[in-house]
Amino acid sequence: MTQEPLPDAPSDKPGRPRVVVASASGLGVASEEGDDPTSLVEEPAKVMRIGTMIKQLLDEVRSAPLDEAARERLAEIHERSLHELEAGLSADLVSELHRITLPFTDDRAPSDAELRIAQAQLVGWLEGLFHGIQTALVAQQMAAQNQLVGMRKALPPGVSHPAMGMPGHGVEDDRGNHGTGQYL
């Protein structure tokens, strides 16, 4: 895995380069150096609950015809869900959410199609958010693992490291047998 600064990539934070963490297979994710992807969602449990509710609601109303009262109620739930999500997200994500969601502006109840499109859009955005955070966490884990491997390789011969004494990480003798790494 490599970390390479992208010279042409803009950074949201002045003076901090954008970094791409890439695996041997070429997969990668762009991130700010030192950023914790979990900090984007301030209340992950709340965001997950709302996302699950919206997805379930979309599944329930997908095939059912909605009368005007049901459409008004669904529009209210959609608006309230957006406001609740805002409380659980970072300022950057709230800004992005505002850019992609369009409010219902007419005095009339939105149509079935308008409601379903809005709900599907929100579900898709939330799923993208969750996948992005998972990808960033995996990339962080891979980077940390590679850093640890590099540190172990840099140790001079005969110097022990914390993994010694753990099963599968002991001292290897001349015949390839692993010992415990402890002297008794």
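Residues numbered from 1 in each chain as written. Predicted model: local features only at pLDDT ≥ 70, side-chain atom pairs only at ≥ 80, totals over all residues. Heavy atoms only, no water.

Under an unreviewed UniProt entry, the name given to the chain is Bacterial proteasome activator, and the source organism is Occultella glacieicola. In its Sequence similarities (unreviewed entry) section, UniProt records this for the chain: "Belongs to the Bpa family." As recorded by UniProt, the Subunit (unreviewed entry) comment attached to the chain reads in full: "Forms a homooligomeric, either hexameric or heptameric, ring-like structure which stacks co-axially with the proteasomal alpha-rings." (UniProt positions renumbered as here; feature names shortened; annotations may be inferred.)

(A) A look at the environment of Ile100. You can see Ile100 is positioned in helix α3 (residues 91-100). Overall, Ile100 belongs to the partly exposed group, its relative accessible area being 28%. When the C-alpha atoms of Ile100 and Leu122 are compared, they prove to be 8.8 Å apart, with 22 residues separating the residues in sequence. Not counting residues up to four positions away in its chain, the partners in contact with Ile100 are Gln121 and Trp125. (Helix = DSSP H or I, 4+ residues; strand = E, 2+ residues; numbered from the N terminus. Buried < 20%, exposed > 50% of the residue type's maximum accessible area, 1.4 Å probe, protein only. Contact = heavy atoms within 4.5 Å.)

(B) Inspection of the pattern of salt bridges at higher detail. Under the criterion given, the structure shown has four salt bridges. Close ionic contact of Arg73 with Glu76 constitutes a salt bridge, the shortest N to O distance being 3.8 Å. On the criterion of helical spacing, the pair formed by Arg73 and Glu76 is a turn pair, its members being three residues apart in helix α2 (residues 68-88). Taking the shortest distance from any N to any O, the salt bridge between Asp112 and Arg116 comes out at 3.8 Å. Taken together, the positions of Asp112 and Arg116, both in helix α4 (residues 112-154) and four residues apart, correspond to about one turn of that helix. (Salt bridge = Lys/Arg side-chain N within 4 Å of Asp/Glu carboxyl O.)

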